[in-house]
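# Residue-level structural notes
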Amino acid sequence: MKRYWRSLRCFWGTSLAAELEYPLNAAIEFVSVLGNLAGSLFVLQLLFAGGPSLGGWSWSGALVVLGLYTLLDGFTTCVLQPNLSRIVSHVQTGTLDYVLLKPIDSQFWLSARTVSPWGLPAVAAGLGLIGWALAQGGPEAAAGLRSLGAVLLPLALLLAALAILYSLWFVLAALSIWFVKVWNATEVLRYTLVAGRYPVSAYPPALRLLFTFVLPVAFLTTVPAEALLGRGSALWAIGSLLVAALCLAGSRLLWRFAQRSYTSASS
Amino acid sequence: MAGPIIRASGLSKTYRISEKQPGLAGTIQHLLRRRHRDVLAVDGISFTIEPGEIVGFLGPNGAGKTTTLKMLTGLIHPSGGELEVAGHEPFRRQARFLRQITLVMGNRQQLIWDLPALDSLRVNAAVYGIEEAEARRRIAELAEMLELGPELQRPLRKLSLGQRMKAELLAALLHRPSVLFLDEPTLGLDVNAQARVRDFLADYNRRTGATVLLTSHYMGDITALCPRVLLIHQGQLFHDGSLADLTQRLAPCRQVRLELSDLQPTEAFACFGVIEAHQGHQVRLLVPRAQLTERVAVLLERFAVVDLEVSDPPIEELIGGLFRQRGEASVTGGVP
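Model, not experiment: these values are computed from the prediction. Within every chain, residues take consecutive numbers counted from 1 along the sequence as written. To read the labels, note that chains go from A and ligands from 1, taken in the order they are written. For a predicted model such as this one, the threshold for reporting local features is a pLDDT of at least 70, and the threshold for listing and counting side-chain atom pairs is 80 or more; totals across whole chains, interfaces and linings nevertheless cover every residue. The side-chain values count all of the structure's non-hydrogen atoms but skip hydrogen atoms and water molecules.

Take empty space enclosed by the protein next. The probe, sized like a water molecule, is rolled over the atoms to show the empty space still left. Residues and elements named next belong to chain A. Space inside and on the surface of the protein is sampled on a 1 Å grid over the protein atoms alone, with a cavity defined as a set of points where a 1.4 Å probe fits but cannot get out and a pocket as an open set with protein on both sides within 12 Å along at least 5 of 7 lines; lining residues have an atom within 4 Å of a point. Grid points are joined across faces, edges and corners, and a volume is the space filled by probe spheres set on the points. This structure, assessed with the given rule, holds three cavities of 30 Å³ or more. Put simply, the largest cavity is a space of about 110 Å³. Around the largest cavity sit Tyr69, Leu72, Asp73, Thr76, Leu165, Trp169, Arg190, Leu193, Gly196, Val217, Leu220 and Thr221, which together line it. Numbering of helices and strands runs from the N terminus; a helix is a DSSP stretch of H or I covering at least four residues, while a strand is a stretch of E covering at least two. Here the lining of the largest cavity gets four residues from one element, more than from any other, and that element is helix α3 (residues 59–93). When residue character is reported, Ala, Val, Leu, Ile, Met, Phe, Trp, Tyr, Cys and Pro are called nonpolar, Asp, Glu, Lys and Arg charged, and the others, Gly included, polar. The residue makeup of the lining of the largest cavity, split by class, is seven nonpolar, three polar and two charged.

The following block contains the structure:
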């Protein structure tokens, strides 16, 4: 465990140093986050123009969902995209060989080898938006945060959301072992998950089913947001943790299977 | 460890590859109905390698060298046969096995492009669980052997190809592996850089007793480093022994070059062997090994010889000739 922790510190230390070789990226990412957030808020305002509630969600509740989405998007930029996009290039160029020959779990290496600071503005914006929305909604908006247990539940559900999101990305990236060029699929996933910007109940019934049982968008933002607002149900919470565990186990199994199929790039 | 460090018995690998006709129609047909074909890349080869040996692995492109190397490192699963490396079954890729081996590929790098090599070395030290003080000591030792100094502190992208390869070797050897798999480690390097890498590998082998299995496009690497070669062709082992034995096997004649003080007719040399060339005072003959001493003695007695040289034909020409005979166009170990 100590070796993994030291490796992670080295991984992230070196990748931050490498990223900071290109500081212009920071400015571009900052502007991009602000633009995205402004666009989402504008759409949300339009949706609320018809009345004070959207699918049973108040304005501040919907902002919490948007804040969680922005937070997850930042996590994607910080960790998922830089690491998992590399799986595809590792397979294409044959450098996956070096990863597989290290005496460390290859899934850990591929998932945590690098970190990009350019998602941090989105993480900060997401956290800020959640805090502001909870404050704006008054005491009942922050009803979920009255006791330690009630604070831990949203945190656990947020971790479950991160695990689900990670597993979806990893599974798609791991498919490159067989199909090599799968990067477009992860882009499609990213744009599909944009649906998580708004509460799932705001969508028509068919899409609600799709976003709950096929693409678990509901578990990414809506379920943790409900827990934050003190309206979470035990059934959804258990379901969320179960889906996260299944997704993680699925990604693990798929990777083990993928390694058996790996033929390595030709020299 | 007693006995061979590498033991391969009846090792084989079959790839299933999909076949596609050229053009758009072929692509559409391929999408709708895939056709596959089995290709036997390695066909039941057997060999053993003792600890501390340096063995050259030769063969034309597509002969099965890299596939064998990848089975030995555990990257791909053999289709048949038995394989043991350093007391382990490679494909299980247990951490204890991975700590004992290393793979260097001349055409692929593991170091981080934008950062100094030292940063990548710190990552490797952490992954292999080497304490920082010990890692620094090892880096200093290897850097001295590789004649690397301030280069380790410059971003990798600013180093020459030769310096990058030396840094790659350093990264690959930091954990002190006992078995080195080197796939074209001098690829693209100039003659001086090639020589330095060769010297380093020979020195490393002497100092540590590590076993080395080397494939190279440059015959100079093989002749300088490998007392033993494995020659693989169409997935089968064609030769396992010394380069001298291989030369004898491929060239039953030796080349005799004469410089004469007077002019002689070409027919005068016909009874000594095959006349390769005769120009003025210079004559080049191919003489069967078995009659070499006797015929050279007669040549010296019969003609006024100013200079005489007996040599083997260049090994790359012999190997190249062998594969050309067998219908191969491109030969590893041929003239670069």
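There's more to say after this.
Looking now at the packing of helix α5 (residues 132–146) of chain B against helix α6 (residues 161–173) of chain B. Residues and elements named next belong to chain B. As a packed pair, α5 and α6 sit with axes 10 Å apart at the nearest point and diverge in direction by 145°. Here α5 and α6 pass one another in a crossing that is right-handed. Contacts between α5 and α6 involve Ile139, Leu142, Ala143 and Leu146 from the first element and Lys166, Leu169, Leu170 and Leu173 from the second. Grouping the amino acids of the contact of α5 with α6 by side-chain chemistry returns seven nonpolar, no polar and one charged. Axes, fitted as lines to C-alpha atoms, cover a helix only where it is in contact. Angles between the N-to-C directions of the axes lie from 0 to 180 degrees. For any helix crossing, the convention is left-handed if the near helix is rotated counterclockwise from the far helix by under a right angle, and right-handed if that rotation is clockwise. The contact definition used throughout considers only heavy atoms, calling two residues in contact when any of these lie within 4.5 Å.

On to the confidence of the model for chain A. Mean pLDDT over chain A stands at 84; residues scoring 70 or higher make up 92%. Confidence scores here are pLDDT values: one per residue, from the predictor, ranging 0 to 100. Element-level mean pLDDT values for chain A span from 76 in helix α9 (residues 183–192) of chain A up to 94 in helix α5 (residues 106–112) of chain A.

What follows deals with the interface of chain B and chain A. Between chain B and chain A, the residue contacts involve 38 residues of the former and 31 residues of the latter. Regarding the contact of chain B and chain A, the summed buried area is about 3,000 Å², with carbon and sulfur atoms giving 58% of it. Computed with a 1.4 Å rolling probe, the buried area is the accessible surface lost when two parts are put together, summed over both parts. Looking at the side of chain B facing chain A, the largest losses of area belong to Leu75(B), Arg108(B) and Val127(B), adding up to 21% of the total buried there. The working definition used for a salt bridge is a side-chain nitrogen of Lys or Arg within 4 Å of a carboxyl oxygen of Asp or Glu. At the boundary of chain B and chain A, one finds two salt bridges. Definition of a polar contact: a pair of N or O atoms within 3.5 Å, with one able to donate and the other able to accept a hydrogen when the atoms are protein atoms, and with sequence-neighbouring residues admitted only if both atoms are side-chain atoms. Linking chain B with chain A are 12 residue pairs in polar contact (both at pLDDT 80 or more), by the criterion used here. Secondary structure elements with two or more residues in the side of chain B that touches chain A: α2 (65–73), α3 (95–98), β5 (101–105) and α4 (117–127) of chain B. At seven residues, α4(B) tops the list of elements feeding residues into the side of chain B that touches chain A. Taken together, the residues that form the side of chain B that touches chain A break down as 18 nonpolar, eight polar and 12 charged.

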